[in-house]
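Architecture and fold: a report
Each chain, letter by letter, is given below.
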There are 2 protein chains.
Amino acid sequence: MNILLTSIGIRSYLVDYFKSSGKVSNVFSADNSSLAPGIYNSDKYFLVPKIDDVAYVTNILDICVNNSVSALIPLHDLDSLVLSREKLRFQDLGIKIFTPENEVVEICFDKYKCYEFLRSHNIPVPKTYIDLQKVKQDINEGLLSFPLILKSRTGSASKGLQKLENVDDLNYFWSEKDTIIQELIDGVEYGVDALQLNSKDNYKVYIKKKLWMRAGETDKAVTSKNKIVYSTICQLLEQLVILGPLDVDIVIKDNLGYIIDINPRFGGGYSLSHEVGANFPKEIIKSLLNESRLFDSNLKYDEGVIMMKHPQFTFFKGGLS
Amino acid sequence: MNILLTSIGIRSYLVDYFKSSGKVSNVFSADNSSLAPGIYNSDKYFLVPKIDDVAYVTNILDICVNNSVSALIPLHDLDSLVLSREKLRFQDLGIKIFTPENEVVEICFDKYKCYEFLRSHNIPVPKTYIDLQKVKQDINEGLLSFPLILKSRTGSASKGLQKLENVDDLNYFWSEKDTIIQELIDGVEYGVDALQLNSKDNYKVYIKKKLWMRAGETDKAVTSKNKIVYSTICQLLEQLVILGPLDVDIVIKDNLGYIIDINPRFGGGYSLSHEVGANFPKEIIKSLLNESRLFDSNLKYDEGVIMMKHPQFTFFKGGLS
């Protein structure tokens, strides 16, 4: 069985996880850049157009057909968004895409849609605004207070993230385009790696407490079994019902678990969950072989295991200089 | 012979480079945090106070004496600054610190001092200001124009870096405290790894063109032999005359090499130079054994070798959760 990881980027380690998950013949990768180190770790790689190029999907489809690919794992939010729209085209050729249905990916991708979705399901979420006047009105009425967070409505990681301390900051940084303002939930931040296989009750969940962030990524974290985080993520998964991995950020304040981000893909800190036994790649392969099982819903892994990220390097002699 | 790498942080790979440099019995490391992954890669590690703690230097000195350490390699700018002040105390005990003399480290650490130093030696450097009125005056007189760069006067990486497009930005971001304003040199950025062993004419130089930066660090780069960069770095080293490694950022515009940063330590992208044969750790060990040689001043390494950084993970079962 052949697997294709798209938008592989710097995640060389994910190639290793899939290679060692058993019963996989080849782990292929795709990226638009020959400077993506992950491609050099895979059995074969494909340089493809950018995700927003009209030729992207057809290109990926051709690669799948010509290389007997059984399953696609997109590793970038925009990639999930684009490929989730085309699930049927791939399905007709017997290729499974491990990404949620398009309507769910849309919710993950657009932080304002996400806010509306979570609120409508009574899942705690920071108050979120796309209208500057409404922000000012709520401040004046005492319903909202500084500091606030301004960020990109559709951006990944901490793209465009800005802490706003007062109304001067608010006026300075506000822009109509692709911007949201959010209440700052000043609590303890957790990350969740979840895998769900299209069944409401069948999912696997691993929780980590974040210890250190850099440029929007979790550089240090420790495994946890926090009950509030667990009940929040269960509530979410039972609403979403997805196929594939999910990366969710949850902040706990006053015994409430606020969801601050949902990414419909492997998260950058998945390695910690893998270390304590998650092995989502193996579960994905099993599901393709119809060997998937009912997951044990209890949190059966070691608490207190710490992950620390550090740089490694891939080299190649190219033509640039 | 035992070596101690202080402020090891995430540079696990540097421990490997020293371990494989021959004739080293033990590579020790020190950090103030048990979450620094580099410590777990060394033969023995020491948790020490923070660099700005009054007990820091005495603590490091005790470690050196009790563990027969012959040489210290500080890996953080502030660490270099503090330890360079105490070179004699260590020297009296037969311990060499591979960091420039304190007056040179002061120049590297303070970007305004650095500007004055470079200008006084006719080495190209972006116009730099610590006085807001002087910035505005030069703009009004047509001697300076937007965009400008605002950054921390003493910070590492891209700490506090802000691009200023107009006078509103300038007024908004300006702060008297630890801030400089710099002319933006819009050119091609190079990084240089240099090693000098206290001799004006004896140094080793490796040049890379930066291809991709993230959070102030070079994530992708390619080896280069750019002549303007080479002559600029030679001019600098012949003025400085230091002991140890140096990491220098140079931007080329209109055939001039502008120095934009000097770090008195191994740079975050040193691995590329190492890959093409720099082996500064080996040269450092040789110099300790009085086996050091006259370096070949020509740039004898492969051009066009590309480095791509990607994450790796260290785990341990601690007590946190």
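Right above here is the structure, for reference.
Each value, and the rule that gives it
- Residues numbered from 1 in each chain as written.
- Chains lettered and ligands numbered in written order.
- Predicted model: local features only at pLDDT ≥ 70, side-chain atom pairs only at ≥ 80, totals over all residues.
- Heavy atoms only, no water.
- Helix = DSSP H or I, 4+ residues; strand = E, 2+ residues; numbered from the N terminus.
- Rg over C-alpha atoms; globule rule 2.2 N^0.38 Å.
- Buried < 20%, exposed > 50% of the residue type's maximum accessible area, 1.4 Å probe, protein only.
- Areas by Shrake-Rupley, 256 points an atom, 1.4 Å probe, with all protein chains shown as cover.
- Lys, Arg positive; Asp, Glu negative; His and termini not counted.
- Charge placed at Lys NZ, Arg CZ, Asp CG, Glu CD.
- Phe/Tyr/Trp six-rings, centres within 6.5 Å; stacked < 30°, edge-to-face > 60°.
- Contact = heavy atoms within 4.5 Å.
- Buried area = accessible area lost by both parts, 1.4 Å probe.
- Salt bridge = Lys/Arg side-chain N within 4 Å of Asp/Glu carboxyl O.
- Polar contact = N/O pair within 3.5 Å; in protein donor to acceptor, adjacent residues only side chain to side chain.
- Least-squares fit on C-alpha atoms with pLDDT ≥ 70 in both.
- Pairing = 2+ DSSP bridges.

Description of the overall build of chain A
Helix and strand counts for chain A come out as eleven helices and 15 strands. Taken over the C-alpha trace, chain A has a radius of gyration of 20 Å; the compact-globule value for 321 residues is 20 Å, and the two agree within 12%. Seen along its three principal axes, the alpha-carbon backbone of chain A occupies a region of about 60 × 50 × 40 Å. Buried positions account for 56% of the 321 residues belonging to chain A. Summing over all exposed atoms, chain A offers an accessible surface of approximately 13500 Å²; the carbon and sulfur share of this is 46%. Side-chain charges of chain A comprise 37 positive and 41 negative groups, with the mean position of each set lying 4 Å from the other.

Let's talk about the packing of aromatic side chains
Residue and element names in this part refer to chain A. According to the stated counting rule, one finds 34 aromatic pairs over all chains in the structure shown. Residues Tyr112 and Tyr115 carry aromatic rings whose centres are separated by 5.7 Å and whose planes lie at 45° to one another, so their mutual orientation is tilted. Linking Tyr112 with Tyr115, this pair stays in helix 6 (residues 111-120), spanning three residues, or about one helical turn. Taken as a pair, Tyr112 and Tyr115 share a single burial class, namely buried. On the basis of an interplanar angle of 35° and a centroid distance of 5.2 Å, the ring pair of Tyr270 and Phe280 is categorised as tilted. Residue Tyr270 is located in helix 10 (residues 270-275), and its partner Phe280 is located in helix 11 (residues 280-288); the two are separated by ten residues in the primary sequence. As far as burial versus exposure is concerned, Tyr270 and Phe280 are alike and both buried.

Looking at the interface of chain A and chain B
Bring the parts together and some accessible area is lost; that lost area is often taken as the interface size. Taken together, the contact between chain A and chain B spans 43 residues of the former and 43 residues of the latter. Contact between chain A and chain B buries roughly 4300 Å² in total, counting both sides, with carbon and sulfur atoms accounting for 64%. Taken together, the links from chain A to chain B amount to two salt bridges. One salt bridge connects Arg214 of chain A with Glu217 of chain B, and the closest N-O pair in it is separated by 3.8 Å. Where chain A packs against chain B, one counts 16 residue pairs in polar contact (both at pLDDT 80 or more).

Quick notes on helix 3 (residues 77-84) of chain A
Burial runs high along helix 3 of chain A: seven of the eight residues are buried. All buried positions along helix 3 of chain A are accounted for by Asp77, Asp79, Ser80, Leu81, Val82, Leu83 and Ser84 of chain A.

Comments concerning unusual backbone geometry
Cis rather than trans, the peptide bond between Phe146 of chain A and Pro147 of chain A has omega equal to -5°. Inspection of the secondary structure assignment puts Pro147 of chain A in the loop between helix 7 (132-140) and strand 7 (148-152). Despite not being glycine, Asn122 of chain A has its phi angle at roughly 55°, a positive value. Relative to the assigned elements, Asn122 of chain A resides in the loop between helix 6 and strand 6 (128-129). Using a relative accessible area of 66% as the deciding quantity, one classes Asn122 of chain A as exposed. Of note, the phi angle at Val241 of chain B is positive, near 50°, even though the residue is not glycine. Here Val241 of chain B lies in the loop between helix 9 (227-240) and strand 13 (243-253).

Quick notes on the relation of the copies chain A and chain B
Each copy of the sequence occupies a distinct position, and chain A is placed on chain B by a rotation of 180° and an axial shift of 0.0 Å, giving an RMSD of 0.0 Å. Taken together, the rotation and translation relating the two chain copies correspond to the operation of a two-fold axis. In terms of proximity to the rotation axis, the leading residue of chain A is Pro311 of chain A, whose C-alpha is 2.5 Å off the axis. A symmetric contact is evident, with 100% of the interface residues of chain A recurring at the interface of chain B.

A word on the sheet that holds strand 9 (residues 179-183) of chain B
Residues and elements named next belong to chain B. The four strands lie next to each other as 6-9-7-8, forming an open sheet whose pairing is antiparallel. If you trace the sheet from one side to the other, it starts and ends with strand 6 (128-129) and strand 8 (162-164), each paired once. Sheet topology note: the strand 7 (residues 148-152)/strand 9 ladder contains five bridges and is antiparallel. Counterpart to Lys151 in the pairing with strand 9 is Ile180.

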